[in-house]
Amino acid sequence: MLFRSPDRPDYALQISATSKALGPFTVGVDPYTGQILGTRTAAAREAGLARRIHLLHTRLFGGQVGEWIVGTITFLTLFMAVAGLVLWWPRKIVTVMTTASGRRINFDLHNVFGFYASAVFLFIALTGMMIAFEDWADPLFMKLNEFPVAELARESVDTAPQSMSVDALASAASAALPGAFLRGLTIPRGGKGAVTAMMRYPEDRTPGGRSRVVLDQYSGRVLTLLNTRTAPAGTRLVNLKRSAHTGDIFGTPSRILYFVTCLMLAGQVLTGVLIWLRKP
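Quick caveat: nothing in here was measured; it's all calculated off a predicted structure.

All chains considered together, the criterion is met by 5 aromatic pairs. Arranged with centres 5.7 Å apart and planes meeting at 45°, the rings of tryptophan 68 and tryptophan 136 form a pair that is tilted. Of the two residues, tryptophan 68 is situated in helix H3 (residues 63–88) and tryptophan 136 in helix H5 (residues 134–142); the sequence distance between them amounts to 68 residues. Through successive ring pairs, a cluster of aromatic residues spans Trp88, Trp89, Phe115 and Tyr116. Of note, lysine 92 hangs over the ring of tryptophan 89, and the distance from its end group to the ring centre comes to 4.1 Å.

So, in C-alpha coordinates, the structure goes:
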(Lines give C-alpha, C1' and ligand atoms only; values in the text may rest on other atoms or scores of the structure.)
Protein backbone atom coordinates (compact mmCIF):
# COMPACT_ATOMS: atom_id res chain seq x y z
CA MET A 1 0.00 0.00 0.00
CA LEU A 2 1.29 3.45 -0.92
CA PHE A 3 0.32 6.71 0.80
CA ARG A 4 1.06 9.87 -1.21
CA SER A 5 1.01 13.05 0.83
CA PRO A 6 -0.51 16.15 -0.83
CA ASP A 7 2.10 18.81 -1.51
CA ARG A 8 -0.50 21.58 -1.65
CA PRO A 9 -3.25 22.43 0.87
CA ASP A 10 -5.98 21.94 -1.76
CA TYR A 11 -4.70 18.56 -3.01
CA ALA A 12 -6.08 15.19 -1.89
CA LEU A 13 -4.23 12.44 -0.07
CA GLN A 14 -3.80 9.47 -2.40
CA ILE A 15 -3.79 5.85 -1.27
CA SER A 16 -2.81 3.17 -3.80
CA ALA A 17 -3.57 -0.49 -3.23
CA THR A 18 -4.64 -3.68 -5.04
CA SER A 19 -7.81 -5.74 -4.81
CA LYS A 20 -9.12 -8.82 -6.60
CA ALA A 21 -12.12 -6.91 -7.93
CA LEU A 22 -10.40 -3.74 -9.17
CA GLY A 23 -6.78 -4.75 -9.50
CA PRO A 24 -4.43 -1.81 -8.79
CA PHE A 25 -6.38 1.31 -7.87
CA THR A 26 -5.97 4.70 -6.20
CA VAL A 27 -8.34 6.38 -3.74
CA GLY A 28 -8.44 10.15 -3.26
CA VAL A 29 -9.10 11.19 0.35
CA ASP A 30 -9.79 14.62 1.82
CA PRO A 31 -6.86 15.06 4.25
CA TYR A 32 -8.97 17.23 6.57
CA THR A 33 -12.19 15.21 6.86
CA GLY A 34 -11.17 11.72 5.70
CA GLN A 35 -13.96 11.75 3.11
CA ILE A 36 -13.34 9.56 0.06
CA LEU A 37 -13.34 11.82 -2.99
CA GLY A 38 -13.08 9.21 -5.70
CA THR A 39 -11.45 6.02 -6.95
CA ARG A 40 -9.44 5.47 -10.10
CA THR A 41 -8.25 2.12 -11.40
CA ALA A 42 -4.90 1.58 -13.07
CA ALA A 43 -6.71 0.85 -16.34
CA ALA A 44 -8.49 4.21 -16.17
CA ARG A 45 -5.19 5.94 -15.46
CA GLU A 46 -3.52 4.30 -18.45
CA ALA A 47 -6.41 5.39 -20.67
CA GLY A 48 -6.18 9.02 -19.57
CA LEU A 49 -5.03 11.64 -22.08
CA ALA A 50 -2.07 12.85 -20.03
CA ARG A 51 -0.77 9.31 -19.54
CA ARG A 52 -1.14 8.46 -23.22
CA ILE A 53 0.72 11.61 -24.24
CA HIS A 54 3.49 10.65 -21.79
CA LEU A 55 3.75 7.13 -23.23
CA LEU A 56 3.76 8.49 -26.77
CA HIS A 57 6.53 10.94 -25.93
CA THR A 58 8.72 8.49 -24.02
CA ARG A 59 8.04 5.12 -25.69
CA LEU A 60 5.81 5.57 -28.76
CA PHE A 61 3.48 3.06 -27.05
CA GLY A 62 6.16 0.46 -27.77
CA GLY A 63 7.53 -0.42 -24.33
CA GLN A 64 11.29 -0.70 -23.96
CA VAL A 65 11.89 -1.01 -27.71
CA GLY A 66 9.85 2.16 -28.24
CA GLU A 67 11.99 3.97 -25.68
CA TRP A 68 15.15 2.96 -27.55
CA ILE A 69 13.60 4.22 -30.80
CA VAL A 70 12.83 7.56 -29.13
CA GLY A 71 16.42 7.71 -27.90
CA THR A 72 17.75 7.01 -31.39
CA ILE A 73 15.51 9.70 -32.90
CA THR A 74 16.74 12.09 -30.23
CA PHE A 75 20.33 11.30 -31.15
CA LEU A 76 19.62 11.97 -34.84
CA THR A 77 17.87 15.21 -33.93
CA LEU A 78 20.87 16.19 -31.83
CA PHE A 79 23.12 15.51 -34.82
CA MET A 80 20.90 17.69 -37.03
CA ALA A 81 21.06 20.51 -34.47
CA VAL A 82 24.86 20.41 -34.43
CA ALA A 83 24.94 20.28 -38.24
CA GLY A 84 22.61 23.28 -38.29
CA LEU A 85 25.00 25.27 -36.12
CA VAL A 86 27.84 24.40 -38.50
CA LEU A 87 25.78 25.71 -41.43
CA TRP A 88 24.80 28.80 -39.44
CA TRP A 89 28.38 29.70 -38.54
CA PRO A 90 29.57 31.30 -41.84
CA ARG A 91 26.68 33.83 -41.89
CA LYS A 92 26.12 34.14 -38.12
CA ILE A 93 22.59 35.49 -38.57
CA VAL A 94 21.25 36.62 -35.16
CA THR A 95 18.62 39.15 -36.26
CA VAL A 96 15.83 39.29 -38.85
CA MET A 97 16.10 41.73 -41.76
CA THR A 98 12.48 42.90 -41.62
CA THR A 99 12.80 45.16 -44.69
CA ALA A 100 13.88 42.30 -46.95
CA SER A 101 11.73 40.01 -49.08
CA GLY A 102 9.46 37.42 -47.52
CA ARG A 103 11.83 34.66 -48.60
CA ARG A 104 14.77 36.35 -46.86
CA ILE A 105 12.72 37.03 -43.71
CA ASN A 106 11.79 33.35 -43.58
CA PHE A 107 15.45 32.38 -44.04
CA ASP A 108 16.52 34.75 -41.26
CA LEU A 109 13.81 33.44 -38.94
CA HIS A 110 15.02 29.90 -39.54
CA ASN A 111 18.54 30.87 -38.55
CA VAL A 112 17.51 33.00 -35.58
CA PHE A 113 15.20 30.33 -34.16
CA GLY A 114 17.88 27.69 -34.53
CA PHE A 115 20.64 29.78 -32.98
CA TYR A 116 18.76 31.00 -29.90
CA ALA A 117 17.14 27.62 -29.24
CA SER A 118 20.30 25.59 -29.80
CA ALA A 119 21.88 25.79 -26.33
CA VAL A 120 18.71 24.79 -24.48
CA PHE A 121 17.72 22.23 -27.08
CA LEU A 122 21.09 20.49 -26.95
CA PHE A 123 20.65 20.22 -23.18
CA ILE A 124 17.13 18.80 -23.57
CA ALA A 125 18.28 16.28 -26.19
CA LEU A 126 21.28 15.10 -24.17
CA THR A 127 19.21 14.52 -21.04
CA GLY A 128 16.53 12.80 -23.13
CA MET A 129 19.15 10.36 -24.40
CA MET A 130 20.30 9.78 -20.82
CA ILE A 131 16.74 8.79 -19.91
CA ALA A 132 16.10 6.64 -22.98
CA PHE A 133 19.36 4.73 -22.55
CA GLU A 134 19.56 4.88 -18.76
CA ASP A 135 20.39 1.16 -18.48
CA TRP A 136 23.73 2.03 -20.05
CA ALA A 137 24.12 5.69 -19.04
CA ASP A 138 23.40 5.37 -15.30
CA PRO A 139 26.21 2.87 -14.58
CA LEU A 140 28.65 5.18 -16.36
CA PHE A 141 27.64 8.14 -14.21
CA MET A 142 27.71 6.02 -11.07
CA LYS A 143 31.43 5.46 -11.66
CA LEU A 144 31.90 9.12 -10.72
CA ASN A 145 30.79 8.38 -7.15
CA GLU A 146 33.47 8.97 -4.54
CA PHE A 147 31.91 6.33 -2.27
CA PRO A 148 29.41 3.48 -2.78
CA VAL A 149 25.70 4.18 -2.36
CA ALA A 150 23.82 1.88 -0.01
CA GLU A 151 21.18 -0.44 -1.48
CA LEU A 152 17.69 -0.07 -0.07
CA ALA A 153 16.85 -2.63 2.59
CA ARG A 154 14.01 -4.97 1.70
CA GLU A 155 13.04 -6.58 5.01
CA SER A 156 12.50 -5.56 8.61
CA VAL A 157 14.83 -7.07 11.18
CA ASP A 158 13.01 -6.37 14.43
CA THR A 159 9.96 -8.19 15.78
CA ALA A 160 6.82 -7.04 17.58
CA PRO A 161 3.18 -8.14 17.92
CA GLN A 162 2.13 -5.63 15.26
CA SER A 163 3.51 -3.00 12.93
CA MET A 164 3.81 0.64 13.95
CA SER A 165 1.02 2.99 12.90
CA VAL A 166 1.30 5.02 9.72
CA ASP A 167 1.54 8.23 11.74
CA ALA A 168 4.40 6.83 13.84
CA LEU A 169 6.27 5.65 10.75
CA ALA A 170 5.76 9.00 9.05
CA SER A 171 7.14 10.79 12.12
CA ALA A 172 10.17 8.47 12.17
CA ALA A 173 10.88 9.18 8.49
CA SER A 174 10.59 12.94 8.98
CA ALA A 175 12.90 12.79 12.00
CA ALA A 176 15.51 10.91 9.95
CA LEU A 177 15.70 13.70 7.34
CA PRO A 178 14.85 17.04 9.01
CA GLY A 179 13.71 19.65 6.51
CA ALA A 180 12.54 17.10 3.92
CA PHE A 181 8.88 16.75 2.99
CA LEU A 182 7.34 13.27 3.29
CA ARG A 183 5.99 12.71 -0.22
CA GLY A 184 4.96 9.09 0.12
CA LEU A 185 5.05 6.03 2.32
CA THR A 186 5.05 2.44 1.06
CA ILE A 187 3.57 -0.01 3.55
CA PRO A 188 4.29 -3.75 2.98
CA ARG A 189 1.44 -6.26 2.86
CA GLY A 190 2.30 -8.14 6.03
CA GLY A 191 5.38 -10.31 6.49
CA LYS A 192 8.79 -8.83 7.20
CA GLY A 193 8.85 -6.20 4.46
CA ALA A 194 10.43 -2.84 5.23
CA VAL A 195 8.68 0.52 4.95
CA THR A 196 10.03 2.96 2.35
CA ALA A 197 9.48 6.70 2.74
CA MET A 198 9.91 8.99 -0.29
CA MET A 199 11.35 12.30 0.90
CA ARG A 200 11.73 15.57 -0.98
CA TYR A 201 13.80 18.59 0.00
CA PRO A 202 12.62 22.09 -1.03
CA GLU A 203 15.30 22.27 -3.74
CA ASP A 204 14.26 18.93 -5.26
CA ARG A 205 12.25 19.30 -8.48
CA THR A 206 11.01 15.75 -9.02
CA PRO A 207 7.47 15.09 -7.72
CA GLY A 208 8.47 12.20 -5.44
CA GLY A 209 11.87 13.52 -4.44
CA ARG A 210 15.01 11.38 -4.58
CA SER A 211 15.80 10.93 -0.89
CA ARG A 212 14.69 7.69 0.72
CA VAL A 213 14.30 6.46 4.30
CA VAL A 214 13.79 2.72 4.77
CA LEU A 215 12.30 1.85 8.15
CA ASP A 216 11.72 -1.30 10.11
CA GLN A 217 7.93 -1.64 10.17
CA TYR A 218 7.91 -2.91 13.77
CA SER A 219 10.34 -0.54 15.49
CA GLY A 220 10.63 2.42 13.11
CA ARG A 221 14.39 1.98 13.12
CA VAL A 222 16.18 3.42 10.08
CA LEU A 223 17.59 0.60 7.95
CA THR A 224 18.75 2.63 4.94
CA LEU A 225 19.11 6.37 4.44
CA LEU A 226 19.63 8.04 1.06
CA ASN A 227 20.04 11.80 1.30
CA THR A 228 20.23 13.84 -1.92
CA ARG A 229 22.08 16.60 -0.09
CA THR A 230 24.95 14.29 0.75
CA ALA A 231 24.82 12.06 -2.34
CA PRO A 232 28.04 11.61 -4.39
CA ALA A 233 28.54 13.29 -7.77
CA GLY A 234 27.40 10.42 -10.00
CA THR A 235 24.19 9.89 -8.05
CA ARG A 236 23.46 13.62 -8.17
CA LEU A 237 23.75 13.62 -11.96
CA VAL A 238 21.43 10.62 -12.28
CA ASN A 239 18.94 12.27 -9.91
CA LEU A 240 18.94 15.48 -11.94
CA LYS A 241 18.42 14.02 -15.42
CA ARG A 242 14.61 14.00 -15.43
CA SER A 243 14.09 17.44 -13.90
CA ALA A 244 16.75 18.78 -16.27
CA HIS A 245 14.96 17.24 -19.25
CA THR A 246 11.47 18.45 -18.30
CA GLY A 247 12.50 21.98 -17.32
CA ASP A 248 11.63 21.54 -13.66
CA ILE A 249 15.26 21.97 -12.62
CA PHE A 250 14.93 25.69 -11.80
CA GLY A 251 11.18 25.83 -11.38
CA THR A 252 8.98 28.30 -13.29
CA PRO A 253 11.84 30.24 -15.00
CA SER A 254 13.30 27.10 -16.60
CA ARG A 255 9.84 25.84 -17.62
CA ILE A 256 9.17 29.16 -19.37
CA LEU A 257 12.57 28.97 -21.07
CA TYR A 258 11.86 25.42 -22.27
CA PHE A 259 8.41 26.45 -23.52
CA VAL A 260 9.84 29.35 -25.54
CA THR A 261 12.56 27.06 -26.88
CA CYS A 262 9.97 24.53 -28.05
CA LEU A 263 8.04 27.31 -29.81
CA MET A 264 11.26 28.33 -31.57
CA LEU A 265 11.87 24.75 -32.65
CA ALA A 266 8.33 24.55 -34.02
CA GLY A 267 8.99 27.81 -35.85
CA GLN A 268 12.22 26.41 -37.26
CA VAL A 269 10.39 23.34 -38.57
CA LEU A 270 7.83 25.58 -40.30
CA THR A 271 10.42 27.93 -41.79
CA GLY A 272 12.56 24.94 -42.80
CA VAL A 273 9.65 23.41 -44.73
CA LEU A 274 9.04 26.75 -46.49
CA ILE A 275 12.74 26.96 -47.44
CA TRP A 276 12.58 23.42 -48.82
CA LEU A 277 9.37 24.10 -50.79
CA ARG A 278 10.84 27.23 -52.42
CA LYS A 279 14.14 25.59 -53.25
CA PRO A 280 14.88 26.04 -56.98
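The rest of the description comes next.
Positive phi is not limited to glycine here, since leucine 60 has a value of about 55°. Tracing the backbone shows leucine 60 in the loop between helix H2 (49–59) and H3. Even without being glycine, lysine 92 reaches a positive phi, approximately 50°. With respect to the helices and strands, the residue lysine 92 is situated in the loop between H3 and helix H4 (102–132). Overall, the relative accessible area of 39% leaves lysine 92 in the partly exposed class.

The next thing to look at is helix H8 (residues 252–277). In a regular helix each residue adds 1.5 Å, so 26 residues correspond to 38 Å; H8 covers 38 Å between its end C-alpha atoms and thus fits that length. What H8 keeps buried is the set Ser254, Tyr258, Thr261, Gly267 and Thr271. The inward-facing, buried residues of H8 abut H4 and helix H7 (233–246).

Let us look at the environment of phenylalanine 133. Mapped onto the secondary structure, phenylalanine 133 falls in the loop between H4 and H5. Sequence-wise, phenylalanine 133 and valine 112 are 21 residues apart; in three dimensions their C-alpha atoms are separated by 31 Å. Leaving out residues up to four positions away in the same chain, phenylalanine 133 has contacts with Trp68, Gly71 and Thr72.

Bridge analysis of strand E1 (residues 2–4) against strand E2 (residues 13–19) gives 3 bridges, and the strand direction is antiparallel. Note on E2: the bridge partner recorded for arginine 4 is glutamine 14. Here 7 bridges tie E2 to strand E3 (residues 23–29), and the two strands are oriented antiparallel to one another. Its bridge partner being in E3, serine 16 is matched across the sheet by threonine 26. Hairpin connection between E2 and E3: a loop of 3 residues separates the two successive antiparallel strands.

Scanning the model with the defined rule gives 13 salt bridges in all. Ionic pairing is found between glutamate 46 and arginine 45, a salt bridge with its closest N-O pair at 3.1 Å. By relative accessible area, which is 32% here, glutamate 46 ends up partly exposed. The exposure class assigned to arginine 45 is partly exposed, which follows from its relative accessible area of 39%. The partner of arginine 51 in a salt bridge is glutamate 46, and the shortest N-O contact between them spans 3.2 Å. Arginine 51 sits in the partly exposed class, given a relative accessible area of 24%. Each of Glu134, Asp138, Lys241 and Arg242 takes part in a single network of salt bridges with overlapping partners.

Here is what the cut-offs are and how they apply
- Residues numbered from 1 in each chain as written.
- Predicted model: local features only at pLDDT ≥ 70, side-chain atom pairs only at ≥ 80, totals over all residues.
- Heavy atoms only, no water.
- Phe/Tyr/Trp six-rings, centres within 6.5 Å; stacked < 30°, edge-to-face > 60°.
- Helix = DSSP H or I, 4+ residues; strand = E, 2+ residues; numbered from the N terminus.
- Lys NZ or Arg CZ within 6 Å of the ring centre and 35° of its normal.
- Buried < 20%, exposed > 50% of the residue type's maximum accessible area, 1.4 Å probe, protein only.
- Expected span 1.5 Å × (residues − 1).
- Contact = heavy atoms within 4.5 Å.
- Pairing = 2+ DSSP bridges.
- Salt bridge = Lys/Arg side-chain N within 4 Å of Asp/Glu carboxyl O.

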